[in-house]
Amino acid sequence: MAYTARRAGYQYETSPRKLKPEYEPLKNPYSKKKSSTLKQKEQKPKEKRQLKPKVKIVLYVLIGFGILFAISYRNSLITESFSKKENMKKELSVLQKENAQLKINIQNSLNLANVEKSATAMLGMKKLDDSQKIYVNLPKKDYVEPASEQIIVTEEKGWFQKMIEGVTSLFK
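Quantities reported herein were computed from a predicted structural model and do not represent experimental measurements. (Residues numbered from 1 in each chain as written. Predicted model: local features only at pLDDT ≥ 70, side-chain atom pairs only at ≥ 80, totals over all residues. Heavy atoms only, no water.)

S.K.: Help me out: how do you make sense of the overall build of the chain in this one?
M.R.: For the chain, the count of helices and strands is four helices and zero strands. Relative to its 172 residues, the chain shows a buried fraction of 1%. Element-wise, carbon and sulfur atoms account for 61% of the exposed surface of the chain, whose accessible area totals about 18700 Å². (Helix = DSSP H or I, 4+ residues; strand = E, 2+ residues; numbered from the N terminus. Buried < 20%, exposed > 50% of the residue type's maximum accessible area, 1.4 Å probe, protein only. Areas by Shrake-Rupley, 256 points an atom, 1.4 Å probe, with all protein chains shown as cover.)

S.K.: Honestly, the pattern of salt bridges in this entry has me stumped. Any pointers?
M.R.: It is possible for side chains bearing opposite charge to pair when their charged atoms get close. Applying the stated criterion across every chain, the model contains five salt bridges. Where lysine 84 meets glutamate 80, a salt bridge forms, and the shortest distance between an N and an O atom there is 3.8 Å. One end of the pair, lysine 84, and the other, glutamate 80, are both in helix α2 (residues 31–109), four residues apart, so they sit about a helical turn from each other. The partly exposed category is assigned to glutamate 80, whose relative accessible area is 41%. (Salt bridge = Lys/Arg side-chain N within 4 Å of Asp/Glu carboxyl O.)

As structure tokens, this is what we get:
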């Protein structure tokens, strides 16, 4: 019975029934497209949300590899420069040993016997005979004359010493 009463327009409740408006606004023909794009937009963030953690993980792994590569490259440069330094130290020690040996050889070759040997062999020199020696007699008189002039050295005085001397000369 309630069903037939409602069809007839009878209302049991106190609130009035809603009437259809006389003017119905036309629906936008593009509204379906908007709703479909809205659905797509709603789906894309979900896909992006699912992709973001994967992308972040890959990005962090790449950054980690980059940092490890930079550290290993820096360590290889340090090792290379250290090996160059060690090689240069070895070369320096070898050169210092050679230099010391050459100094010893030079000192040994500067002996009077070695000089005499090289003078006779290479230059053809001979020792002096008694006939080649000439003796000269010199008088024992001293030919150096003493200085007749006296040289007086005066030091320049500073301004403070000049001032003190001026004040002391006033009291004398």
